[in-house]
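Fold and geometry: a report
What follows is the residue order along each chain.
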Amino acid sequence: MLEKQLVLVLILLCCVPFHVQNCLGLEDGVTRSQFPKGFLFGACTSSYQIEGAPLEDGKGLSNWDVFSHIPGKTSNDENGDIADDHYHLYLEDIKLMSSLGINVYRFSISWARILPRGIYGDINPSGIKFYNKIIDNLLLRGIEPFVTIHHHDLPQELEEKYGGWLSPLIQKDFVYFAEICFKSFGDRVKYWTTINEPNLVTDFGFIRGTYPPGHCSPPFGNCSTGNSDVEPLIAMHNMLLSHAKAVELYRKHFQKRQGGIIGIVAHTFMYEPYRDEECDRQAVKRVLSFVVSWCLDPLVFGEYPAEMRSILGSQLPRFSPEEKNLIKGSLDFIGINNYGTLYAKDCSLSACPLGTDRPIRGFVETIGIKDGIPIGDETGNPRFFVVPRGLEKIVDYIKIRYHNKPMYITENGYSSPPKQDVTMNDLLQDFKRVDYHKAYLAALLRAIRKGADVRGYMIWSLMDNFEWASGYDVKYGLYYVDRDTLERIPKLSVQWFSSFLNNTTNTDEQDLSEQYVRSQDAMTTGFKVI
């Protein structure tokens, strides 16, 4: 009888929701002191998502300034005109970072704020001054700036003049921008990433058409222009060569003197076979190549993945011998953005929805629900599911494939599923965000203990912000931002993360909640419906 009871308990535990499992203490043992000495813990943002001030002090229009004003392109037709007004409130935000206790802050530089017209115009001194103030104030508070040169937003003029990432002309433009960044900020910035998620930009900008420049073709969408089978390959090629040329410039003229390192940030998922069949196990390998290795293989090995070449053939661009020498090894580290795990289903032998049965997708369908059951807890993004083991597995994959190149988790975060009549209290008492990060840090620690050279973990995001096509509906922030007043209000996750960073994590959720409530006693708007 006792054995049957034990088995029943184990079955019930396996079926308990993620949040409740963590209440039982399954992830409560992780502390900062268990991570390697010098490990970076921080938070991140990007320029268009938080800055606002789209035309202030000489800034030019970016592609996102234009795209977000096209009706129907974003949720509720929202845009980043104000965003979090970080352009004016940056000192307040840096104080929040300091009180939180982070030792690194990842942010991006607005290309259009530095070069309003790209290579065709003058440098904007006000833009240089703004980022100098951010960097100097971060360093005054002991926070390392981890700078992304390009995070989705580029000068609109480059789109209009030659088609942005679809033209090789952008390579010279990007290197010129990068050089200004190295010259202006490199004496204080020791961590550089060239481009954030080129593999996501190619997917959303040139396959689905949901990001600028909004190119796509059937069956992926009905855009006014685009070719979803060809254009993403061209855009990625130009992004990778832009990255490599910027790295070459940095290594030749800046790195030795400035003492920094430079890498790129890849958008990643982990995948599991939809069925326990060999065809789906092969689908997992293919989709990893088409999503992750498409971005990273050329920068480590000088070639696109063989899995992609075997399917796409001559459609996949080739690097010249000179380009191959340039691009191979053009990474000091790999940045990993990871938000979840999906199932992979083979579409070369099975019937699949339109689009997933095409070469550009590697003949793989990726889905998060099987037999009506999600692969993990659902979040505010329909493609992101809470699967902590996925972070451990993707780190293992990158460790093995790229010979344990140094890695940083440059984004990992949680947004709550949408629900009606959400209250301020619902948003601020974010137990699930706390649970999420506990579980993902535990998974990351397992990967590190198996030998993965991971050197940092950055939470997306410091505060709620403009989440691209999702507008302000989806909230990842540690701090809630009141859309009317722009007041930054700490969520319970701030209390937890600060305690974690000080090695004083209280793992009892009731105590954590009581501490949080005491710290928020002065707030009188705690239960309003928003």
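Up top you'll find the structure we're talking about.
Residues numbered from 1 in each chain as written. Predicted model: local features only at pLDDT ≥ 70, side-chain atom pairs only at ≥ 80, totals over all residues. Heavy atoms only, no water.

**Some thoughts on the overall build of the protein chain**
As a reminder of what qualifies: Working definition: helices are DSSP H or I runs of at least four residues, strands are E runs of at least two. Numbering for both runs from the N terminus. For the exposure calls, accessible area comes from a 1.4 Å probe over protein chains only, and a residue counts as buried if that area is under 20% of its type's maximum, exposed if over 50%, partly exposed in between. The accessible surface values rely on the Shrake-Rupley method and a 1.4 Å probe; as for residues, cover is taken only from the protein chains in view.
From N to C terminus, the protein chain includes 20 helices and 15 strands. When the 530 residues of the protein chain are sorted by exposure, 61% land in the buried category. Surface accessibility of the protein chain: about 20,800 Å² in total, with carbon and sulfur atoms responsible for 54%.

**Brief notes about unusual backbone geometry**
In this structure, the amide linkage connecting proline 218 to the following residue, proline 219, adopts the cis form with an omega of 5 degrees. Cis peptide bonds are those with omega within 30 degrees of zero, and the linkage from tryptophan 460 to serine 461 qualifies with 5 degrees. The backbone phi angle of aspartate 57 is positive, close to 55 degrees, even though this residue is not glycine. At aspartate 85, a position not held by glycine, the phi torsion is positive, near 55 degrees. Relative to the helices and strands, aspartate 85 resides in the loop between α4 (63-67) and α5 (86-100). By relative accessible area, which is 18% here, aspartate 85 ends up buried.

**Quick notes on the packing of aromatic side chains**
For the record, the criterion: Aromatic rings from Phe, Tyr and Trp, taking only the six-membered ring of Trp, are treated as a pair when their centres fall within 6.5 Å; an angle between ring planes under 30 degrees marks them as stacked, one over 60 as edge-to-face, and anything in between as tilted. Only lysine NZ and arginine CZ atoms are considered, and such an atom sits over a ring when it is within 6 Å of the ring centre and within 35 degrees of the ring normal.
All told, the structure shown has 46 aromatic pairs when counted by the stated rule. Ring centres 4.5 Å apart and planes at 40 degrees place the aromatic pair tyrosine 87 and phenylalanine 130 in the tilted group. Of this pair, tyrosine 87 sits in helix α5 while phenylalanine 130 sits in helix α7 (residues 125-140), and the two are 43 residues apart along the sequence. The buried category is assigned to tyrosine 87, whose relative accessible area is 8%. Given a relative accessible area of 2%, phenylalanine 130 falls into the buried group. Each ring, one from tyrosine 191 and one from tyrosine 408, has its centre 6.0 Å from the other, and the planes form 75 degrees; the classification is edge-to-face. Taken as a pair, tyrosine 191 in strand β4 (residues 191-196) and tyrosine 408 in strand β12 (residues 407-412) lie far apart in primary sequence, 217 residues in all. Tyrosine 408 shares its class with tyrosine 191; the two are buried. Counting every residue linked through ring pairs, the aromatic cluster contains Tyr48, Trp64, Phe67, Phe204, Tyr211, Phe466, Trp468 and Tyr472. In this arrangement the basic side chain of arginine 113 is found over the ring face of phenylalanine 130, its NZ or CZ atom lying 5.8 Å from the centre.

**Here's the deal with the state of the cysteines**
The condition is simple: We call a pair of cysteine sulfur atoms a disulfide whenever their separation is within 2.5 Å.
Applying the stated criterion across every chain yields a total of two disulfides. In this model, cysteine 216 is linked to cysteine 223 through a disulfide, with the two sulfur atoms separated by 1.9 Å. For the disulfide bridge between cysteine 216 and cysteine 223, the dihedral angle about the S-S bond is near 105 degrees, and by the sign convention the bridge is right-handed. For the protein chain, the bonded cysteines connect in the pattern 1-2, 3-4 when numbered consecutively along the sequence.

**Things to note about empty space enclosed by the protein**
Stated formally: Only protein atoms enter the 1 Å grid used here. Points where a 1.4 Å probe fits but cannot escape make up a cavity, open sets with protein on both sides within 12 Å along at least five of seven lines make up a pocket, and a residue lines them when an atom lies within 4 Å of a point. Grid points are joined across faces, edges and corners, and a volume is the space filled by probe spheres set on the points. In this count, Pro and Cys sit with the nonpolar residues alongside Ala, Val, Leu, Ile, Met, Phe, Trp and Tyr, while Asp, Glu, Lys and Arg are called charged and the others, Gly among them, polar.
Per the counting criterion, the structure on display carries six cavities of 30 Å³ or more. Empty space within the largest cavity amounts to approximately 80 Å³. In terms of lining, the largest cavity is formed by Asn63, Trp64, His150, His152, Leu154, Glu159, Trp165, Val201, Phe206, Tyr211, Pro212 and Pro213. For the lining of the largest cavity, the secondary-structure elements that each account for two or more residues are α4 and α10 (198-206). In terms of residue class, the lining of the largest cavity is built from eight nonpolar, three polar and one charged. Approximately 60 Å³ is the volume attributed to the second largest cavity. Forming the walls of the second largest cavity are Ser47, Tyr48, Glu51, Gly52, Pro54, Lys59, Asp65, Gly80, Ser110, Arg113 and Asp153. Split into classes, the residues belonging to the lining of the second largest cavity amount to two nonpolar, four polar and five charged.

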